[in-house]
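Understanding the architecture of this molecule
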Amino acid sequence: MARNGSGDGLSADAVEGLLAYAATQRRFGGRAVRNVERAIAGARGLAVRDPVAHTGLLVRALREGARLRLARGDPARALPMAEESLGLARGLGGAPLAMTLHCVADVLTALDRKDEALNLLREADKQ
């Protein structure tokens, strides 16, 4: 796997690759989950070193993790990732925020928290 220049973590390209590969593996649950977890860990490391450049990547990785857990019928495990993604996306605004609001709304709907989900969808419409 490609590494960044310091050799202590994944590069942004490697994280993007893991996310793309995981998206093709949804039916192979274990591999997809492992790849998304590696992507989240790599994106966290990058965001710590350079938040301006890599917070969006972490938002996408967390959102993909939440969507994967939701697709696997596990909204309770999706919620913390979705909420963390939302907290970060609020600082970015625009499309990343709108997409994340929809993701969190999907998770809340699966948890039968439809009123909260509706509020988030209304907020997404304003983005």
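Located above this text is the structure these notes cover.
Residues numbered from 1 in each chain as written. Predicted model: local features only at pLDDT ≥ 70, side-chain atom pairs only at ≥ 80, totals over all residues. Heavy atoms only, no water.

1. Some remarks on the environment of alanine 117
- Its location among the elements puts alanine 117 in helix α6 (residues 114–125).
- Given a relative accessible area of 2%, alanine 117 falls into the buried group.
- Along the primary structure alanine 117 and aspartate 106 are separated by 11 residues, whereas in three dimensions their C-alpha atoms are 7.1 Å apart.
- In this view, alanine 117 contacts Ala105, Leu108 and Thr109; residues no more than four positions away in its chain are not counted. (Helix = DSSP H or I, 4+ residues; strand = E, 2+ residues; numbered from the N terminus. Buried < 20%, exposed > 50% of the residue type's maximum accessible area, 1.4 Å probe, protein only. Contact = heavy atoms within 4.5 Å.)

2. Quick word on α6
- An ideal rise of 1.5 Å per residue puts 16 Å on 12 residues; α6 measures up with 16 Å between its terminal C-alpha atoms.
- Looking at the buried positions of α6, the neighbouring elements they touch are α4 (75–89) and α5 (94–110). (Expected span 1.5 Å × (residues − 1).)

3. Things to note about the pattern of salt bridges
- Counted under the stated rule, the structure contains 7 salt bridges.
- Where arginine 44 meets glutamate 84, a salt bridge forms, and the shortest distance between an N and an O atom there is 2.5 Å. Of the two residues, arginine 44 is situated in helix α2 (residues 29–49) and glutamate 84 in helix α4; the sequence distance between them amounts to 40 residues.
- With relative accessibility at 30%, the residue glutamate 84 sits in the partly exposed group.
- Among the salt bridges present, the one from aspartate 112 reaches lysine 114, with a minimum N-O distance of 2.6 Å.
- Given the relative accessible area of 57%, aspartate 112 is considered exposed. (Salt bridge = Lys/Arg side-chain N within 4 Å of Asp/Glu carboxyl O.)

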